[in-house]
Each structure stands twice: as structure tokens, then as C-alpha cells.
Amino acid sequence: MKKRSIWLTVLAILIIAGHLVVVNWSSIINAMLPPDSRPAKISFPVEELTLGELAVIGEQLTGQYEGSFAHIEYFIDDAITSYEGPATCLRCHNEIKYTDLLTGEEMVAGLMENLTSSVHYRFFTKRHPNVYGFNGELADNFAMGKINRPCPKPGSFAMTAWAELIITENGDTLSEGCGQCHIGGQYQAPLGEMMPFYSTTTDEKDAIDCLICHAVAYDMNKKQVVVDDGGMKRWSQDRSMLAALSVTTPTAQACLRCHQHNFGGDIYIDPADSSFMESLANTGKERPRILHPGSKRGTPYSPTWDVHARAGMTCIECHLTQGHYIAKGSHTTTVMANDLPDIDIACEDCHGSEPHEQDAEQTEYLNQHVELIACQTCHIPSLHPDNVTMRDFSRTVFEEHPGIYIYDDSVKESQPGPGIEYRWWNGDATFLGNPIGDNPGGGNLYRFYTANRVWPEYSSYDYNTWYDKVMRPIARNGRPSKLYAMKKFNGKQHIDLANMGPFGGMFVPYNLPTYYLTGDPDRAASVEMDKSMMGRMYGFMFKYYMLDKFMSFMAIDGWNTGSFDDVRRMRNVEPRWIPNDASLEISHAIRKQGALTCDNCHNVDGVLNFEELGYTAEEIDNLKSHPLQ
């Protein structure tokens, strides 16, 4: 009996311990993070109104904005006189109903579970059915997205550059960091979500910014960095009752509060309708957000640049949703995080497989091209003039306004050829943003990866043999390829030379305040290495859980943690261009007027480089001289 009693006691202890581990697993994960990167309870200001004041705001709202706002009546009827973040939303919206886009089945899910497992919250997904490493392996079942990939805007990582304040010599205080384009309101990106069995904490849920996507009257001037007690920095939100009463399904303008930053850049505001550039026109009153010159894709979504914007279409008319899961399509070169990678988004969904309706001869000829040429190829005839093609982070230039140093955009091209290249693409991509595909006519002349900036350490590497052995089978075994327009991009950034391979290496992120204020990239890279998360990144946990696998997709044998001190001292670190230019998918800035015509391609000086596209000399002569055959 005594022995049995001991075993029962041991079993009870194990059960209790296991239960405590399960219950507190998220806390255990967060305890492994540096103190400045853990979620915490955040107190947001709450605006308390009377019912009469609610009615006044409702009248103000309907007088200032078009559309109907049902939440005015809901708030008044239920006597909801304050907005307290997600807790207020969940009073009515605890569950969410949606249609499964693959099966057509009607689904019900917990709203918060659906939201916190989405790309817009997590900043990553684990399924990547169309991304291949340079080792030839599918980069699947692996957490990847903006949470752990470098961004070519500020030249840093979300893990380290979440919320920063830059105080200029003029005494101005500026806001900067990756957190400005995230719906969470914590002091750091949701790093815990990358760990298995993690459950989003109450503090993290309470800090979510529902209104930045759903409120028509959201004030982007309130989206700026604030400093809480203890010196912790985070991004503030608009939680006003005006914003709360203006809730609707997301409009195009709401999506573009973050996404115009990528499409059209931070400089251009469409004179036809500035509402598409809210974040550019309203940068913050006390601590303005930094506006970066040089558009990443050069494709503004606004009435002057896109026929769909001019027609009043919202983003989610094409980007279909399953609750907070948003379809980005099954074709991508650089958007590695994708809620619904099995859902296609194609022009044919609305326009059909024979979209052209002109005179009989032209209609038949143009519609024949649809089989091999994507619609975007002709209907994105140019990019915005501020489009950046070559960005050199190792060189800085001083901007009088706002009084900071920025990177040198050494090349800006917007026209076909120098700015837009044309590639065969089946929808798949390499780990660094090269569109995978092959000439449907066959042959071995086409290569989408050329390594035209071979690093000296790999001058003897046989890229041609690697391509034919590793990449060409992937290209041919994938979906049928079409000819797509792609935006050229390359960036020169500091590389940890102890963690590199023939296709690139690990970027060293820059400390943004140091970079902007001193214009010294070496110093900025060194200072950023003192961030607590960089120490974790070069530690054993990141190595074995994430970075060994990450590096394998770069065809690099493991993550070398031993280079940490060298990188801190800028030893064995050097700014380098990526060996091969990235080709970024472009699918906005669609125009009917000015679209490419037959002569743009089928003549001696046409925009298509038929030799690069894998055609023989005889085929090229025929393509250039016989446009209607």
C-alpha cells in the first residue's frame, strides 16, 4: 500500500506539473524572450461619452463620410458609450461565419482565434507550397514572413526594429519601425506565435487594433510611437468613438493605410483622390512617421494609376476572405506569408479567358495571347517614377527635410526594359524572390537565375550546372508558365560573411536611429547587434529551432552562431549586392489606356528580350518581323 501511495503521489505531481506547463506554456515561451520583447498589459486611453454625445458624433460621421454606419444605432441601442478595444467588439462578434472558398462549406469559428492565426496578426505562415530553397527543397512547414525576413524599406528586421524614435538635430521627434504596419499594439512583433502550441495571451489580444482595418474615420495621425513607463516603446492607435462608430467591412482606403507603403511608396499622393494615401497625408502630429523615398513596387493603387481603383472596387472584391484570412493568390515571388495559398486570384475570374472585345482581327489575335501572356504584362506599361531599382544601404544621403540620412537609391527606372523585365513564371518562387518558370516551347536556353553579381568567394561555383540540375526540373514540373511583367530590384546591404553562400547571405540589420542621425551604416549595423533580440538570434535556440533550416534554403550549411562578436565589431562584414536581381511580382497599377500594343514587342527595338526568354535566333527573327502571325 505504501509503495502504491508513493506512485499515486508521483503520478499526481506529474499530472499537476503537466497541467501547469500546458496552462502556462505561453508564459514560459515569453519568459525565454528578452524583457523588452515580451507582451505586457497596456493601458489605452478610453473615451467615455453620453448617449447624447454619441448621437452628435453619429451625425458628424454621416455628414462627413459616404455610406451607412450601422454601428451608430447599435452603440446607442445597447448604451455602449465607450470603446475599449477588442473587448467591445467581442460583445457582439465573438464568433465569425464565412464560406470555405475551396469546399463552399459554411464555417463558424471563434473570431479571436481566426484573427490571431491570420497573416495580418502573425506576420508569418508555415505553409509555403510555392517557395523553393536554392537547395531544391520546398520551403514548407516553416514559419516565414515579415516577422523574420529583412525589409528593404528601412533595412532591418521586425524582430529588432519594431518601434523607434528618432530625435533630429532640429529637435523634431520622428516615429519609425515595422510595427506601424501591424494590427497588434504590443512592444514587439508576436514572436511567441512562431513556437509550437503557443496560445495568444490576453494582453496581446487586448492590444489588437481592430479599427485600423475596419474604421472609415480612423485617424492615422494617432499612429505614432509612444513611450510607456519604463521606457518601453510601442505604436499608438486611434480608439476614439468617432472611429468606433464608423466601422464597416474594410475599404480600399483602409487596406492602403499600410499597403500603399508597398505599392506606390511614401511620396506620391494621387491628386485625383488623396483618400487612397491616408497614411502619407496624415503622418502623425507630435511624432510624425518617416516617409521613405523610393517605391518598392512602383504600382500605386489609386484612381490615376489603376482602373479598378477608379471604378471604386475594394480590395476584398478580388482578395477573397475566410474571416480574417485573406487570399493573396497562389502566385508570389516575395509575399512569403499567405493565409490561403491554395486560392487563386486571377484577372480571368472577372474578365474571362477571352477578355478583348475589339474588331474581329485584333480581338482574335489578342485573345490568343492570353494563353501565354499574363494580363499584367501588357496592362502595366510603366511604373511610378519614384520606383527604386537599385538601393544602396551602404551609402547615405542627407535629406534636409526631415533632417535625416537615408539610403542611396542609386537607380530609379520605371519603363519596360530598365525598370520592368519579363519572365516566364508558373507562380512558384525561389527563397530570394526569383520567379520560377520555363519557356513553354521547351529547350534549355531560358534561365531565370543568372548570378550576374557573383561574389568573389564563389567565382568558381558552377551556376549553370546547379541550375540545370536543381532549378530546371522544378520549373518544368510546376504549373504551366506564362510571360509576366516583373519589377527589378536589388539591394546592397551589410552581410555577415561567416553566414553566406553562393546565392546570398544573412543581412546585418541597421539600428534605425543611428542610421538616420549619423549616416554611418557601419556604426548603425554594429549598434543594432547590441539589441537583445540579436543576441537571441545568434543563440542556440534560434539556431536549432529556425535558422539552421532558414540557411539551408539559402544553400548554406547551418547557422554559424560563432560570428556574433565579429559582427558586433564589424569584422568579416561587408556590404554586398545580392548575386541575382530579385524580380518582384507586380499586379496593381492596371491601365487600359497606354497598355502595350503589338509594336511594343514585335519589332527590332521591342521591349521583350527574346534571347533571354529562351528563343532561338530563327524564332526571334519571326517574332520580331511578323507581329500578326
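Our subject is the structure that appears above.
The rules behind each value
- Residues numbered from 1 in each chain as written.
- Predicted model: local features only at pLDDT ≥ 70, side-chain atom pairs only at ≥ 80, totals over all residues.
- Heavy atoms only, no water.
- Helix = DSSP H or I, 4+ residues; strand = E, 2+ residues; numbered from the N terminus.
- Rg over C-alpha atoms; globule rule 2.2 N^0.38 Å.
- Buried < 20%, exposed > 50% of the residue type's maximum accessible area, 1.4 Å probe, protein only.
- Contact = heavy atoms within 4.5 Å.
- Areas by Shrake-Rupley, 256 points an atom, 1.4 Å probe, with all protein chains shown as cover.
- Lys, Arg positive; Asp, Glu negative; His and termini not counted.
- Charge placed at Lys NZ, Arg CZ, Asp CG, Glu CD.
- Pairing = 2+ DSSP bridges.
- Polar contact = N/O pair within 3.5 Å; in protein donor to acceptor, adjacent residues only side chain to side chain.
- Bend = angle between axes of the 7 residues up to and from the residue.
- Expected span 1.5 Å × (residues − 1).
- Salt bridge = Lys/Arg side-chain N within 4 Å of Asp/Glu carboxyl O.
- Phe/Tyr/Trp six-rings, centres within 6.5 Å; stacked < 30°, edge-to-face > 60°.
- Lys NZ or Arg CZ within 6 Å of the ring centre and 35° of its normal.
- Disulfide = S-S within 2.5 Å.
- Axes fitted to C-alpha atoms, helices over the stretch in contact; angles between N-to-C directions.
- Parallel < 35°, antiparallel > 145°, perpendicular 65-115°, else oblique.
- Nonpolar A, V, L, I, M, F, W, Y, C, P; charged D, E, K, R; others polar.
- Core = buried A, V, L, I, M, F, W, Y, C linked by side-chain atoms within 4.5 Å.

Asker: How would you sum up the overall build of the protein? Please name residues and give values.
Answerer: What the protein contains, in helices and strands, is 24 helices and 18 strands. Against the 2.2 N^0.38 benchmark of 25 Å for 629 residues, the protein shows a C-alpha radius of gyration of 26 Å, consistent with a compact globule. Dimensions of the protein, computed from C-alpha atoms along their principal axes, come out at roughly 85 × 65 × 65 Å. When burial is assessed residue by residue, the protein has 53% of its 629 residues classed as buried. Partitioning the intrachain contacts of the protein with sequence separation of at least 6 by distance along the chain shows that 72% fall at a separation of at least 24. Of the accessible surface of the protein, which amounts to about 28200 Å², a share of 54% is contributed by carbon and sulfur atoms. Charged side chains in the protein number 53 positive and 80 negative. The centres of these two groups are separated by 8 Å.

Asker: Can you tell me about the sheet that holds strand β13 (residues 428-430), naming the residues and giving the values?
Answerer: Spatial ordering of the open sheet is given by β3-β13-β14, a layout of 3 strands whose pairing is mixed. The strands lining the two open edges of the sheet, one partner per strand, are β3 (131-132) and β14 (435-436).

Asker: Give me the lowdown on the environment of Ala498, citing residues and values where you can.
Answerer: Following the sequence through the fold, Ala498 ends up in strand β15 (residues 482-501). On the basis of relative accessible area, Ala498 is assigned to the partly exposed category, the value being 29%. Ignoring anything within four residues of it in the chain, the contact list for Ala498 reads Asn560, Ser563 and Asn572.

Asker: Tell me about the environment of Glu59, residues and numbers included.
Answerer: Considering the arrangement of structural elements, one finds Glu59 in helix α3 (residues 51-64). With 13 residues separating them in the primary sequence, Glu59 and Ile72 have C-alpha atoms 9.1 Å apart.

Asker: Break down the pairing of strand β4 (residues 164-167) for me, citing the residues and quoting the values.
Answerer: The side-chain alternation of β4 yields one buried face, formed by Glu164 and Ile166, and one unburied face, formed by Leu165 and Ile167. Bridge count between β4 and strand β5 (residues 173-176): 4 bridges; the pairing is antiparallel. In the sheet register, Leu165 faces β5, and the bridge partner there is Ser175. Joining the antiparallel neighbours β4 and β5 is a turn of 5 residues, in which Gly171 adopts a positive phi near 90°.

Asker: Outline unusual backbone geometry, listing residues and values.
Answerer: A cis amide bond, omega 20°, links His401 with the succeeding residue Pro402. Summarising the element assignment, Pro402 is placed in the loop between β10 (390-399) and β11 (404-411). Of note, Phe197 is a non-glycine position whose phi angle comes to about 65°, a positive value. Along the chain, Phe197 turns up in the loop between β5 and α8 (202-206). Phi is positive for Met570, close to 60°, though the residue is something other than glycine. Take Met570: it is sitting in the loop between α22 (564-568) and β17 (573-577).

Asker: Give a detailed account of the side chain of Asn387, specifying residues and quantitative values.
Answerer: Positionally, Asn387 belongs in the loop between α16 (375-379) and β10. Of note is the side chain of Asn387, whose polar atom sits 2.5 Å from the backbone oxygen of Glu413. Within the structure, the side chain of Asn387 is placed 2.3 Å from the side chain of Lys487, a separation counted as a polar contact. Apart from residues no more than four positions distant in its own chain, Asn387 is found in contact with Ser295, Lys296, Arg297, Gly298, Lys412, Glu413 and Lys487.

Asker: For helix α21 (residues 540-552), give the residues involved together with the corresponding values.
Answerer: Maximal helix bending in α21 amounts to about 50°, located at Met546. Looking at the packing, one finds that the buried side of α21 touches β15, β16 (504-507) and α20 (532-537).

Asker: Describe helix α11 (residues 252-263), listing the residues and the values that go with them.
Answerer: Here α11 contains 12 residues, and its C-alpha end-to-end distance of 13 Å is more than 12% below the 16 Å for a straight helix at 1.5 Å per residue. Here α11 lies mainly inside the structure; 10 of its 12 residues are buried. Against the buried residues of α11 lie α9 (211-214) and α12 (278-281). Looking one or two residues beyond α11, the residue adopting positive phi is Gly265, at roughly 85°.

Asker: Requested: an account of the pattern of salt bridges, with residues and values cited.
Answerer: Charged atoms that come close allow side chains of opposite charge to pair. Under the criterion given, the structure shown has 29 salt bridges. Taking the shortest distance from any N to any O, the salt bridge between Glu528 and Lys531 comes out at 3.3 Å. Because the salt bridges share partners, they merge into one network encompassing Asp438, Arg447, Asp468, Arg472 and Arg476.

Asker: Lay out the packing of aromatic side chains with the relevant residues and their values.
Answerer: Inspection of every chain in the model, using the stated rule, returns 29 aromatic pairs. A network of ring pairs unites the aromatic residues Phe134, Phe448, Tyr449, Tyr461, Tyr463, Trp466, Tyr467 and Phe503 as a single cluster. The cationic tip of Arg149 hangs over the ring face of Phe431; the distance from NZ or CZ to the ring centre is 4.8 Å.

Asker: I'd like a description of the state of the cysteines, backed by residues and values.
Answerer: Taken as a whole and assessed by the stated rule, the structure comprises 0 disulfides. Free cysteine: Cys375, not disulfide-bonded; nearest cysteine sulfur from Cys347 at 4.0 Å. Looking at Cys601, it has no disulfide partner, and the nearest cysteine sulfur is the one in Cys378, 6.0 Å off.

Asker: Can you tell me about the packing of α3 against helix α4 (residues 70-77), naming the residues and giving the values?
Answerer: In helix packing, the relevant descriptors are the interaxial angle and the interaxial distance, both defined with respect to the helix axes. For the pair α3 and α4, interaxial distance at closest approach is 10 Å and the crossing angle is 175°. Compared by their axis directions, α3 and α4 come out roughly antiparallel. Residues Leu51, Leu54, Ala55, Gly58, Leu61 and Thr62 of α3 form the contact with α4, whose own contacting residues are Ile72, Phe75 and Ile76. For the contact of α3 with α4, the per-class residue count stands at 7 nonpolar, 2 polar and no charged.

Asker: I'd like a rundown of the environment of Thr173, residues and numbers included.
Answerer: Take Thr173: it is sitting in strand β5. Put simply, Thr173 and Arg287 are 114 residues apart on the chain and 5.1 Å apart in space, counted from C-alpha to C-alpha. Leaving out residues up to four positions away in the same chain, Thr173 has contacts with Leu165, Ile166, Ile167, Glu286, Arg287 and Pro288.

Asker: So what about the nonpolar core? Which residues, and what values?
Answerer: Judged by nonpolar contacts, the single largest core of 95 residues is most densely connected at Phe431, Tyr449 and Met537. In terms of nonpolar packing, the next biggest core, distinct from the first, is built from 27 residues, Phe75, Leu115, Ala217 and Leu245 among them.

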